[in-house]
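Geometric and topological summary
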Amino acid sequence: MANPIETWKSQKHGFDVWPEIEHHANENTPMSKIDSADLERMKWYGFFYRKRDEPGRYMSRIRITAGEMTAPQAREIAYIAYEYGHGIIDVTTRANVQVQGLDIGHVPKVRQRLERVGLTSKQTGHDNIRNVFAHPFSGLMPDELIDTRQLCHDVTDLFVDSREYSDLPRKMNICLNGTSSHSAHFWTQDISFLATQTDQGDVLFHVLVGGTQGQNPHLAWHLPVLVRPDQVVDVTRAILDLFREKGSREKRNRARFRFLVEQIGVGGVLQWLEDHLPYRLLPCVGEPVPASSHDELIGWFRQTDPDLWTMGLSVPLGRMTWKQLEGLALLAKRWGNGELRTTHEQGIAVINIPTGFRDAAATAAAALGLSVQADTFDHNTVACTGNQFCNIAVTETKGHMFQLIQKLRQRALTLHGIRIHMSGCPSSCAQHFTADIGLKGVRVRRLLGTREGFDVFLGGGIAGQVHMALPYRLGVDVDQLPNLIEEVINDYYLHHQAGQTFSAYWREKLQAREASKAEDDDYKPPVWLCERCGHQHTGEDPPVFCPSCAAIRRNFARLEEGAVPAEPQTETPAVPARTDGFVLAAKADALSDSAGLTVEVGGNEYALFRVGEKVTCIDSACPHEGAPLADGEFKDGVVACPWHNWTFDACSGCSLDPPDNDVTSYETLVEDGNIFIRTGKAAPAATTTNPPRPAAARPALATLTVTDVIQETPDVRTFRLDNSAGTLPFDFPGKHAKVCVPTDEGEVWRSFTISSPPCRPDRIDLTMKLNPAGVVTNHLFRNIQPGDTITLKGAQGGYFFDPEKHSEPLVLISAGSGVTPMMAIARHLRETGNPLPCTFLYGARSPVDIIFRDECEALAREMPSFRYFVTLSQPGDNWTGAVGRLSFDHIREQVPDLAGCRYFLCGPNDFMDAMRAELLNAGVLADRIHTEQFHKTKPVTV
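What counts, and at which threshold
Residues numbered from 1 in each chain as written. Predicted model: local features only at pLDDT ≥ 70, side-chain atom pairs only at ≥ 80, totals over all residues. Heavy atoms only, no water. Salt bridge = Lys/Arg side-chain N within 4 Å of Asp/Glu carboxyl O. Buried < 20%, exposed > 50% of the residue type's maximum accessible area, 1.4 Å probe, protein only. Helix = DSSP H or I, 4+ residues; strand = E, 2+ residues; numbered from the N terminus. Phe/Tyr/Trp six-rings, centres within 6.5 Å; stacked < 30°, edge-to-face > 60°. Lys NZ or Arg CZ within 6 Å of the ring centre and 35° of its normal. Axes fitted to C-alpha atoms, helices over the stretch in contact; angles between N-to-C directions. Parallel < 35°, antiparallel > 145°, perpendicular 65-115°, else oblique. Contact = heavy atoms within 4.5 Å. Nonpolar A, V, L, I, M, F, W, Y, C, P; charged D, E, K, R; others polar. Pairing = 2+ DSSP bridges. Polar contact = N/O pair within 3.5 Å; in protein donor to acceptor, adjacent residues only side chain to side chain. Arc of directions from axis to C-beta. Right-handed = clockwise from strand over helix to strand, strands pointing away. pLDDT = per-residue confidence, 0-100. Core = buried A, V, L, I, M, F, W, Y, C linked by side-chain atoms within 4.5 Å.

Opposite charge on two side chains makes pairing possible when the charged atoms of those side chains draw close. Taken as a whole and assessed by the stated rule, the structure comprises 51 salt bridges. Between Lys43 and Glu40 there is a salt bridge, and its shortest N-O distance comes to 2.9 Å. An identical accessibility class is assigned to Lys43 and Glu40; each is buried. As a salt-bridge pair, Glu857 and Arg853 come within 3.2 Å of each other at their nearest N and O atoms. Of this pair, Glu857 and Arg853 both sit in helix H17 (residues 853–862), 4 residues apart, which is roughly one turn of that helix. Here Glu857 falls in the partly exposed class, since its relative accessible area comes to 30%. By relative accessible area, which is 30% here, Arg853 ends up partly exposed. Bridged by salt links that share partners, the residues Glu6, Lys9, Asp127, Asp167, Arg249 and Arg252 form one connected network.

If you want it as structure tokens, here you go:
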């Protein structure tokens, strides 16, 4: 198969995972113990694993076809959220409903309970067709051309439970709209059927295909045909067959239907339809009327029956409590006919309310905290799930958007139809590309480290016709957003022409402008302090009156940069000295349930963890290379080394994988909100053969631009990254960085040694060999070109050459792609003019597999202190050098004084273990042998 996902899909169909789900539910299997492919297959049943929702919970995405939901269905969803989840319900931008916080044991029960009320979550994720939606008020509007609800159900019946249509190259979005006004939402679907009325009075459908947001946004293409209502299902089936047969399964990032349309063109789609439909479609040159406004879905709407009304309610950012949804179900039964509608604007509506019951219904909704009178912020803001739950989101969203809304309200800013959409990653679940102001989550580097931020896009949505937004500012810190948004909105209000929309105004301004990166000092207007109540106002001038206490303008004083308003001082009581050997380590509230805490006591560092109701303490440094264990992933009482994933019991210090590498544990005592530890009796004594580990450097998270991709050998490339801003600190050669690849299935991190020297801080070189089964290297080799960016964390690791401490002659020993740290060290010696003797022994397979051969041979010619030796296991006829696998005999031949040198080993784990054992037997001190191991291995016993 072309890629790993297609491989596991071919091995077991997504439908066939249900017996495993039931088994895991019965056994209450931890998420970490479930096969990763089966976790993905669970999405065929609408259950999504949520690693960030510790200790590993699941989300159910419930299919609400055409947005139709009954009161019993709404009440059951509310009870499921209350009994099994976190008690919250999210309405999505496809009019789905999502319930977060399920344990694995609840999954079969949730499926049964949904099916009992006529609902399903089946096929709502992965390579399936998502919720088929229509205009939320379809069948209710007096001016509607056609009621599309039944067509939505007919299309859904085509693929739900179909093994054939549940194996697509990627996901597919389908919608229908029976009105004559089509909002921007309908231009970004894979298939859209948009109603139109002919001169003869017939209602037919225009067809749009290939629209998408996400990594590669594109507006849909118009097919120059008209489709009768009775042809919709046939046309849908034919397009799905086209996608299944012709869609690419090679590269996930180019497998969406839009790429197939790009490849074969609109003509190719038409030809396929002509060949596979039993009739000819009616030709049509005219296109759908462009969107002129967004759908109005909040407020009171008179229905076709003039005595009945739809009550469209504002659900801020689509998030409700279970009590609110249960209350709406009761409201719908009491004041309506028991029917509700979910909307693609993350809202909900109660329908069929008689005129006389309008006030009673609105009052009941208000009692639930929901209203038909939303302000401009609740009306015009959208946010996706964010990294609170989503595995692939880079930033939080709903929390940031709630805070952003509150700050903009305090500034008395009015949106007046200007829409702000916030997505936590490039997938664009909040559809930020078709918003007036689109926010895409990124990590940004600031003086105090990396923070959550957003790339800002302007001009999406409606500007004469539907448009994708243009980049305006990149890497905006989340705290800078209120000022930036206030600036661009006020710029529009002050300078736009009459009748010009926000998006049209900014598209005109941005056509010839390149997006710039936001800096620390951007968007920092003065801060004014109300001396009467302490309210702070941000702006070029103080307000006319204080919005908090109504004090007039003269009560405001400018707060100088760096100044902090005085606060009441509280005296912290001193902790009495103890006589029982326990020493204060930290305040109890400084330790969370989900992460460790590094503390320093008596000049030594320790790692604290909270395991259940108990606080535990172990040595801070991993015995492998000294990484700070408190910085590692902590789950179920087990902590993983942040550098190489060695795991330890946080209570006992026992090493779990690999074994026999225990760290010391210490007694703890929690008293009066303080954590004490007793270390004196267990403090290890320093020895010459086991010196203290160097202090572990804290790595930085950075997103760097690729300046060059260098083909070193047929399967080895160097990705050169621009680090001219010093975003990634790099001090010693030999350290590695962890590279992140965001996939549809979550973030995947892999470690790669940096091959460039730290004395060239303007760039970071990552040299790596293609792993045919590797997610990260396959992604990088297939997709990354100069100008793209790579997110990485580093430099880190206890494996490095320190010129001040390592004064012995160096011996660098590597096999295959283990050459990378050796090149960093050799290049550093050359660049710094260090005359330290260095012997580089390298084992490869064939001449074409020798990485950096020309550069190393040049180093040997230019530097008298540098010696270069290569041996090949498959040399070929023209090779005149050493033959055979690199062995200890080669080292003995090339290094006369074995015990007097310092050794750096890199290559397969078995290779390094064997070499290390031979060196120890030859009298080399253990602290002079450095091995780089990205994977766990059992230590060598000598």
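Before going further, it helps to spend a moment on the packing of aromatic side chains. The final tally for this structure, using the stated rule, is 23 aromatic pairs. With centroids separated by 5.9 Å and ring planes inclined at 65°, the aromatic side chains of Phe719 and Phe781 adopt a geometry described as edge-to-face. Pair noted here: Phe719 is in strand S38 (residues 716–722) and Phe781 is in helix H15 (residues 775–783), with a separation of 62 residues, a long-range link. For the pair shown, Phe719 and Phe781 are each scored as buried. Here the aromatic cluster, defined as three or more aromatic residues joined through ring pairs, consists of Tyr472, Tyr492, Tyr493, Phe502, Tyr505 and Trp506. Against the face of Tyr472 rests Arg473, its NZ or CZ located 4.7 Å from the ring centre.

We now examine the packing of helix H13 (residues 481–495) against helix H14 (residues 502–510). At a minimum axis separation of 10 Å, H13 and H14 run at an interaxial angle of 95°. Relative to H14, the element H13 is oriented roughly perpendicular. Residues Val488, Ile489, Asp491, Tyr492 and His495 of H13 touch H14, and the partners they reach there are Phe502, Tyr505, Trp506 and Lys509. Its residues placed into classes, the contact of H13 with H14 shows 6 nonpolar, 1 polar and 2 charged.

With respect to topology, 6 strands assemble into an open sheet ordered S27-S36-S35-S30-S29-S28, the strand pairing being antiparallel. Both edges of this open sheet fall to strand S27 (583–587) and strand S28 (597–601), since each of them pairs with a single strand only. Averaged over all pairs of adjacent strands, the angle between strand axes in this sheet comes to 35°, irrespective of strand direction. As defined by bridge partners, strand S30 (residues 614–619) adjoins strand S35 (residues 665–671) across 2 bridges and the pair is classed as antiparallel. Residue pairing in the sheet places Ile618 in a bridge with Ser665 of S35.

A word on the environment of Asn391. As for its position among the elements, Asn391 is in the loop between strand S16 (381–383) and helix H12 (398–410). Along the primary structure Asn391 and Phe48 are separated by 343 residues, whereas in three dimensions their C-alpha atoms are 9.5 Å apart. Not counting residues up to four positions away in its chain, the partners in contact with Asn391 are Tyr49, Arg50, Lys51, Arg52, Gly746 and Glu747. Polar contacts involving the side chain of Asn391 include one to the main-chain carbonyl oxygen of Tyr49, which spans 2.7 Å. At a separation of 3.0 Å, a polar atom in the side chain of Asn391 contacts the main-chain amide nitrogen of Lys51.

For the rest of this paragraph, the subject is the sheet that holds strand S1 (residues 47–50). Whether parallel or antiparallel, the strands of a sheet pair through hydrogen bonds between backbone atoms. The antiparallel open sheet is built from 5 strands, whose spatial order is S1-S2-S5-S4-S13. Since the sheet does not close on itself, it has two edges, and those belong to S1 and strand S13 (319–321), each with one partner. Averaged over all adjacent pairs, the angle separating strand axes in this sheet is 30°, with direction ignored. Set on the sheet, helix H9 (residues 322–335) makes contact with strand S4 (88–91) and S13; between it and S13 the angle comes to about 80°.

Residues of H17 that are buried include every one of Cys856, Ala858 and Leu859, and no others. On an axial view of H17, the arc spanned by its buried residues comes to 160°, and they lie on one face. The exposed set on the far side of H17, more than 90 degrees from its buried face, consists of Asp854 and Arg861. Where H17 is buried, its residues touch helix H16 (819–832), strand S44 (838–844) and strand S45 (866–872).

With that settled, consider the pairing of strand S43 (residues 810–815). A large share of S43 lies buried, amounting to 6 of its 6 residues. Every second residue of S43 is oriented toward a common face, with Leu810, Leu812 and Ser814 on one face and Val811, Ile813 and Ala815 on the other, all of them buried. Taken together, the 6 bridges between S43 and S44 define a ladder with parallel strand orientation. Residue pairing across strands places Ala815 opposite Gly843, the latter belonging to S44. Following the chain from S43 across H16 to the adjacent parallel S44, one finds a crossover that is right-handed.

For the chain, mean pLDDT is 88; residues scoring 70 or higher make up 93% of the total. The model gives residues 566–572 a pLDDT under 50, and that stretch makes 0 contacts with residues more than four places away or in other chains. Low pLDDT, under 50, characterises residues 935–942; the predicted model gives this stretch 24 contacts beyond four residues in sequence or across chains.

Among the 7 residues of S38, 5 are classified as buried, and the element is accordingly described as predominantly covered. What sits between strand S37 (residues 700–713) and S38 in their antiparallel hairpin is a turn of 2 residues. Judged from the 7 bridges that link them, S38 and strand S41 (residues 763–769) form a sheet pairing that is antiparallel. The residue of S41 that forms the bridge with Asp722 is Arg763.

So, on to the nonpolar core. In this structure, Tyr58, Ile77, Ile89, Met311, Leu325, Leu328 and Ile348 are the most contacted members of the largest nonpolar core, which totals 55 residues. Counting residues in each nonpolar core, the second largest holds 42 residues, with Phe159, Val233, Val235 and Leu281 among its members.

Turning our attention to the packing of helix H2 (residues 18–27) against helix H5 (residues 107–116). Two elements in contact, H2 and H5, have axes whose closest approach is 8 Å; the angle formed by their N-to-C orientations is 120°. Relative to H5, H2 is oriented oblique. Note on element contacts: H5 touches H2 through Val107, Pro108 and Arg111, opposite Trp18, Ile21, Glu22 and Ala25. In terms of residue class, the contact of H2 with H5 is built from 5 nonpolar, no polar and 2 charged.

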